[in-house]
Protein chains: 2
Amino acid sequence: MAKDNKKLVKDITSMDVDFAQWYTDVVKKADLIDYSGVKGCMIIRPYGYAIWENIQSILDKRFKETGHENIYMPMFIPESLLNKEKEHVAGFAPEVAWVTHGGSEPLAERMCVRPTSETLFCDHYKDIIHSYRDLPKLYNQWCSVVRWEKTTRPFLRSREFLWQEGHTMHATREDAEAETLQMLETYADFYEKDLAIPVVRGRKTDKEKFAGAEATYTVEALMHDGKALQGGTSHYFGDGFAKAFDIKFTDKDNKIQYCHQTSWGVSTRMIGAIIMTHGDDNGLVLPPAVAPIQVVVIPVQQHKEGVIEAAEDVYNKLREFVRAKIDVTDNSPGWKFSEYEMKGVPLRLELGPRDIQNGTCVLVRRDTREKIFAKLDELETVIPQILADISRSLYESALENKKARTFTAETMEELIEVANTKSGYVKAMWCGDLECELAIKEKADLSSRCMPFGEEPIGDKCVCCGKPATKLVYWGKAY
Amino acid sequence: MAKDNKKLVKDITSMDVDFAQWYTDVVKKADLIDYSGVKGCMIIRPYGYAIWENIQSILDKRFKETGHENIYMPMFIPESLLNKEKEHVAGFAPEVAWVTHGGSEPLAERMCVRPTSETLFCDHYKDIIHSYRDLPKLYNQWCSVVRWEKTTRPFLRSREFLWQEGHTMHATREDAEAETLQMLETYADFYEKDLAIPVVRGRKTDKEKFAGAEATYTVEALMHDGKALQGGTSHYFGDGFAKAFDIKFTDKDNKIQYCHQTSWGVSTRMIGAIIMTHGDDNGLVLPPAVAPIQVVVIPVQQHKEGVIEAAEDVYNKLREFVRAKIDVTDNSPGWKFSEYEMKGVPLRLELGPRDIQNGTCVLVRRDTREKIFAKLDELETVIPQILADISRSLYESALENKKARTFTAETMEELIEVANTKSGYVKAMWCGDLECELAIKEKADLSSRCMPFGEEPIGDKCVCCGKPATKLVYWGKAY
């Protein structure tokens, strides 16, 4: 342990020196992941997985409250099934892993490991949907998916990742569109309230939308370094897949109709968003709602009589209302402080002989490092307040970063200038032509992040071609 | 819906006529699964998946209470990694699915989809275990695994299935053996208390043990038709994998030692065990602990004023202490009764106009069909008692079936006679030689299920060869 300890503490690159290296250091030193012998795939270690379990638990509850049911589909997609929707297969075929043999025998038809499961859900929906009474079907699946990426980074882009994928079928366009936007708002609310990460809600351009979708909506988050991260997407498919898969129902007037479809997903990528939004040079900073340990109890002068016992009493009390941990190992308090800072534990509770005598303790916030002196018999009131305050102030800091890093451009010169000298979002008007989107990518190295909801246009001409434009776009460099 | 309804009710084969067909009918008609376009893989539908979620939730809590942590490993195993432990690869290589291409490019090394993850865990453990202070490591993973079976049946044997796999590392043989038995007992207790299924705890013969294990322990359950089902296994590996993967630690005396290892798993197979232990000719019968709906409220004469409102009041009260559902669709009460019987809902609550007037309702048990008249203001006391009683009596019935179907044999003639005329376990003494085990398989078509814990020998000679024998074995036909 001693050997490991030394490696852990403070041994990370400063984020200002090398943000990418800082990120890699944090995911390793905070024990979130380990690299595996399988190229491009990561091992999610207990501490990292516990964050995912908390994310799952909150989202799963919300999905169920809005009438969604979980199911489990096979992980394989036969090639002929993947091929059924032309745009979809064109988007995904280049990056799937192909299974060609079962045991020593070649398969009659090769299968890919699911990169996403629209085709499987459609194949099932065609069998179980017959009447308008069967609609809507609101299914969700928690699973892992595989996309054979060339370059990978833990949580952000790995060949296998964990996610949830909702797939729903509706009687009308209106119902499906409402579902698409409801789930986008579920994601946005989760990001803002639980992960303390402000997001831009908006619609993707056609170039950036999901393969086979009619419209893709997104929540985009801005990382500490000014790069954008697509935080979650929700797709409206119209009846394109329904036609390809023959998913029909008899409506109230006894007419045969095609179903209208949605899908929506978020993944372990969210853990990357948390790290790069809230983290600092001491390591991870976790929003309390998903922190595996919300309060860590650290006895001070623990060799003195009664200290460990008193700390354990406090710990047992805490466990009734927060996720708590106590560390009574032989490591020094200073070492422990650094360790749990690295792990981003929102609140540290220090308890020494004098505190015990006075019935008090010291609480130290991970985010601001502020020290708060509290009475032991008031912890049940005080700690939830502080945790709520940490969440609020993490959100506000992130919002400030986002504001400070959101720029505007009215001409191509301005756009290029901002892209070259600043790091963040650039808001600019766009005519809607793919040519201009490609030109902006080529000249300014910016991609369209989204066309935001509810924001006023900042001009009436396309930043690229100067023609009339009504679409406001957030442009940025993205993870 | 009307069309579906007709298909659902009572339209199943009697279990006495054709048990296998009865099973297939139940899994389909109770909406547990659907067949998929992927041969040998099933779709676990919402009602089936909800049972699995309840199983997961109970077991996960127990694993965590005994110090286990969840992690997530890659789903792929490079061929060279699978090959590291010779017995293990020999056992699994014939039934794995091979990934050979990523996108359009052939992989440098092919990988299989995990059939089990010992090799991946070992590859990780070798990197993170250095000192006795790092031990024990108690990891668990919830995931899906793939075994390329030739013949498949829903839940019992499918090419992909969901499970948990615990993989632990210990400093000593004693610690690892204690863990192996502790987890076996966790499974046994879950089967008996929560699933209401009596099990035989025991050790597998060398022929039947897990590929690469030093000892495999099992919980065996007896199905309604007298066939045995291996319900869960727990393996002690010694330091075989540790040597193959070089997993070493420095002990307290500063000596280098190899780790001692265990693994243990249960799967969606448990749902098959529930069906075949408790089900009847009206469909599924679910033990209350894992039933997605524990009580279904069915209004009678629901067109009369106030009936639906009163039923909804009762339903809302129930939701506070049980998993409840209300059915206010237009289907007739009789149709609804059959529907929820098919789905194995443990308790039905009927409420009509006269009940409402009297402040009473009728409760009907799924298992015994007994009617219980209860006061509405006593439901919070009465219903949990009835549910506990249902669980107890399901267990008792299953235990009786097991007792009635457990036979003994002292000679080979007796063994063959029982195997040909009865259906169940046959207890017989065994010398320990593989030849006798193979001969019993050949002559009586029985496989060794386990050598049970804590049972007295029933003789001192091998049932097959007549040589001295100390091992009592449960023999049977197995799923």
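Shown above is the structure to which this text applies.
Residues numbered from 1 in each chain as written. Chains lettered and ligands numbered in written order. Predicted model: local features only at pLDDT ≥ 70, side-chain atom pairs only at ≥ 80, totals over all residues. Heavy atoms only, no water.

Asker: Just to check I follow, could you spell out the overall build of chain A for this structure?
Answerer: A count of helical and extended segments in chain A gives 15 helices and 23 strands. Taken against the 2.2 N^0.38 rule, which gives 23 Å for 479 residues, the C-alpha radius of gyration of chain A at 25 Å falls within 12% of a compact globule. Across its three principal directions, the C-alpha atoms of chain A cover 80 × 55 × 50 Å. Across the 479 residues that make up chain A, the buried fraction comes to 60%. Restricting the contact set of chain A to residue pairs at least 6 apart, pairs at least 24 apart contribute 68%. (Helix = DSSP H or I, 4+ residues; strand = E, 2+ residues; numbered from the N terminus. Rg over C-alpha atoms; globule rule 2.2 N^0.38 Å. Buried < 20%, exposed > 50% of the residue type's maximum accessible area, 1.4 Å probe, protein only. Contact = heavy atoms within 4.5 Å.)

Asker: I would appreciate a short explanation of the packing of helix 2 (residues 19-29) of chain A against helix 9 (residues 269-278) of chain A in the present structure.
Answerer: Helix packing for two helices is described by the angle between their axes and how far apart those axes are. Residue and element names in this part refer to chain A. It is at 11 Å that the axes of helix 2 and helix 9 come closest, and there the two elements cross at 120 degrees. As judged from the angle between their axes, helix 2 and helix 9 are oblique. Crossing of helix 2 against helix 9: the hand is right-handed. In this structure, helix 2 uses F19, W22, Y23, V26 and V27 to contact helix 9, whose residues at the interface are G272, I275 and M276. When grouped by side-chain class, the residues that make up the contact of helix 2 with helix 9 number 7 nonpolar, 1 polar and no charged. (Axes fitted to C-alpha atoms, helices over the stretch in contact; angles between N-to-C directions. Parallel < 35°, antiparallel > 145°, perpendicular 65-115°, else oblique. Left-handed = near helix turned anticlockwise from the far one by under 90°. Nonpolar A, V, L, I, M, F, W, Y, C, P; charged D, E, K, R; others polar.)

Asker: Just to check I follow, could you spell out a negative patch on the surface for this structure?
Answerer: Residues and elements named next belong to chain A. Among the surface-exposed residues, E305, E309, E312 and D313 lie close enough to one another that they form a single negatively charged patch. Looking at the element boundaries, E305 is found in the loop between strand 15 (295-299) and helix 10 (307-318). With a relative accessible area of 84%, E305 lands in the exposed category. (Patch = residues over 30% accessible without salt bridge, like charges linked within 9 Å, V, L, I, M, F, W, Y side chains within 5 Å. Areas by Shrake-Rupley, 256 points an atom, 1.4 Å probe, with all protein chains shown as cover. Salt bridge = Lys/Arg side-chain N within 4 Å of Asp/Glu carboxyl O. Lys, Arg positive; Asp, Glu negative; His and termini not counted. Charge placed at Lys NZ, Arg CZ, Asp CG, Glu CD.)

Asker: Any chance you could explain the relation of the copies chain B and chain A here in plain terms?
Answerer: Note: a rotation about an axis with an accompanying shift along it relates these two copies of the chain. Placing chain B over chain A gives an RMSD of 0.0 Å and needs a rotation angle of 180 degrees, together with 0.0 Å of translation along the axis. When the rotation and shift are considered jointly, the pair of chain copies conforms to a two-fold rotation axis. Within chain B, V99 of chain B has its C-alpha nearest the rotation axis, a separation of 2.1 Å. Taken together, the interface assignments show that 100% of the residues at the interface of chain B recur at the interface of chain A, consistent with an identical surface on both copies. (Least-squares fit on C-alpha atoms with pLDDT ≥ 70 in both.)

Asker: Got a minute to help me understand the pairing of strand 18 (residues 360-365) of chain A in this structure?
Answerer: Two faces make up the sheet, and in a regular strand the side chains alternate between them. Residue and element names in this part refer to chain A. Most of strand 18 is tucked away, with 5 of its 6 residues classed as buried. When strand 18 meets strand 19 (residues 371-375), the two strands line up antiparallel, connected through 5 bridges. What sits directly across from T360, in strand 19, is K375. (Pairing = 2+ DSSP bridges.)

Asker: Any chance you could explain the environment of E456 of chain A here in plain terms?
Answerer: On the secondary structure map, E456 of chain A appears in the loop between strand 22 (447-452) and strand 23 (471-476). Sequence-wise, E456 of chain A and Y132 of chain A are 324 residues apart; in three dimensions their C-alpha atoms are separated by 39 Å.

Asker: So what exactly am I meant to see when it comes to helix 13 (residues 379-404) of chain A here?
Answerer: What sets the pattern is the α-helix's 3.6 residues per turn: residues three or four places apart point alike. For helix 13 of chain A, which comprises 26 residues, the first-to-last C-alpha distance of 36 Å matches the rise-based estimate of 38 Å (1.5 Å per residue) to within 8%. Among all positions of helix 13 of chain A, only L379, V382, I383, I386, L387, I390, S391, L394, A398, N401 and K402 of chain A are buried. (Expected span 1.5 Å × (residues − 1).)

Asker: Would you take a moment to explain the side chain of R366 of chain B for this structure?
Answerer: All names here are of chain B. You can see R366 is positioned in the loop between strand 18 (360-365) and strand 19 (371-375). Within polar-contact distance, the side chain of R366 engages the backbone oxygen of G283 at 3.5 Å. Ignoring any residue separated from it by four or fewer positions in sequence, one finds R366 in contact with D280, N282, G283, L284, V285, E341, G344, V345 and P346. (Polar contact = N/O pair within 3.5 Å; in protein donor to acceptor, adjacent residues only side chain to side chain.)

Asker: Is there a simple way to think about the nonpolar core in this case?
Answerer: Considering soluble globular proteins, one finds that nonpolar side chains tend to be buried as a cluster. If you look at the biggest cluster of nonpolar residues, it comprises 214 residues, and the most contacted ones within it are F76 of chain A together with F76 of chain B. Apart from residues no more than four positions distant in its own chain, F76 of chain B is found in contact with V38, C41, A97, V113, V146 and W148 of chain A together with V99, M111, C112, V113 and L120 of chain B. If you look at the next biggest cluster of nonpolar residues, it comprises 29 residues, including V297, A311, V314 and L349 of chain B. (Core = buried A, V, L, I, M, F, W, Y, C linked by side-chain atoms within 4.5 Å.)

Asker: Hey, could you run me through the sheet that holds strand 10 (residues 215-222) of chain B in this one?
Answerer: Pairing between the strands of a sheet is mediated by backbone hydrogen bonds and can be parallel or antiparallel. All names here are of chain B. Strand order across the open sheet formed by 11 strands is 3-7-8-14-11-10-9-22-23-21-20, with mixed pairing between neighbours. Only two strands of the sheet have a single neighbouring strand rather than two, namely strand 3 (69-70) and strand 20 (406-408). Bridge count between strand 22 (residues 447-452) and strand 23 (residues 471-476): 3 bridges; the pairing is antiparallel. Pairing of C450 across the sheet is with Y474, part of strand 23.

Asker: What is the right way to read the interface of chain B and chain A from this model?
Answerer: The figure often quoted for interface size is the accessible area lost as the parts come together. Between chain B and chain A, the residue contacts involve 58 residues of the former and 58 residues of the latter. Here chain B and chain A share an interface that buries about 4600 Å² over both sides, 59% of which is from carbon and sulfur atoms. Linking chain B with chain A are 4 salt bridges. Applying the counting criterion to the chain B and chain A interface returns 23 residue pairs in polar contact (both at pLDDT 80 or more). Of the residues forming the side of chain B that touches chain A, the biggest block, 6 residues, is contributed by strand 5 (residues 97-102) of chain B. (Buried area = accessible area lost by both parts, 1.4 Å probe.)

Asker: Looking at this structure, I do not really get the state of the cysteines. What am I missing?
Answerer: Each disulfide consists of one covalent bond between the sulfur atoms belonging to two cysteines. One pass over the structure, following the stated rule, counts 0 disulfides over all chains. In this structure C112 of chain B is not part of a disulfide, and its nearest cysteine sulfur, from C41 of chain A, lies 13 Å away. Distance from the sulfur of C462 of chain B, which forms no disulfide, to the nearest cysteine sulfur (C431 of chain B) is 3.7 Å. The exposure class assigned to C462 of chain B is buried, which follows from its relative accessible area of 3%. (Disulfide = S-S within 2.5 Å.)

Asker: Can you walk me through the packing of aromatic side chains in this structure?
Answerer: Geometrically, a pair of aromatic rings is defined through the distance of the ring centres and the angle of the planes. Residue and element names in this part refer to chain A. Applying the stated criterion across every chain, the model contains 32 aromatic pairs over all chains. Centroid distance F237 to F241: 5.1 Å. Interplanar angle 80 degrees. Geometry classified as edge-to-face. A relative accessible area of 2% means that F237 is categorised as buried. Using a relative accessible area of 0% as the deciding quantity, one classes F241 as buried. An aromatic cluster of three or more residues is present, and its members are W52, F63, W142, Y187 and W264. Over the aromatic face of F337 sits the side chain of R348, whose NZ or CZ is 3.8 Å from the ring centroid. (Phe/Tyr/Trp six-rings, centres within 6.5 Å; stacked < 30°, edge-to-face > 60°. Lys NZ or Arg CZ within 6 Å of the ring centre and 35° of its normal.)

Asker: Help me understand the packing of helix 3 (residues 46-65) of chain B against helix 9 (residues 269-278) of chain B, please; the structure alone is not making it clear to me.
Answerer: Residue and element names in this part refer to chain B. Where helix 3 contacts helix 9, the axes come no closer than 10 Å and their chain directions differ by 110 degrees. Classified by the interaxial angle, the pair formed by helix 3 and helix 9 is roughly perpendicular. Touching G48, I51, W52, I55 and L59 of helix 3 are M270, I271 and I274, all from helix 9. Taken together, the residues of the contact of helix 3 with helix 9 sort by class into 7 nonpolar, 1 polar and no charged.

Asker: Explanation requested: the pattern of salt bridges in the structure shown.
Answerer: Pairing is possible between side chains that carry opposite charge, provided their charged atoms lie close to one another. All names here are of chain A. Applying the stated criterion across every chain yields a total of 74 salt bridges over all chains. With a closest N to O distance of 3.4 Å, K441 and D445 form a salt bridge. By relative accessible area, which is 38% here, K441 ends up partly exposed. A relative accessible area of 39% places D445 in the partly exposed class.

Asker: What's the story with the sheet that holds strand 9 (residues 199-203) of chain A in this structure? I'm lost.
Answerer: Residue and element names in this part refer to chain A. What the 11 strands build is an open sheet, ordered 3-7-8-14-11-10-9-22-23-21-20; its pairing is mixed. Each of the sheet's edge strands pairs with one partner strand only, and the pair in question is strand 3 (69-70) and strand 20 (406-408). Where strand 10 (residues 215-222) lies against strand 11 (residues 228-238), 8 bridges are found, and the strand directions are antiparallel. Bridge pairing in strand 11 links T218 to T233. Here helix 13 sits on the sheet in contact with strand 9, strand 10, strand 20 and strand 21 (425-430), set at roughly 20 degrees to strand 20.

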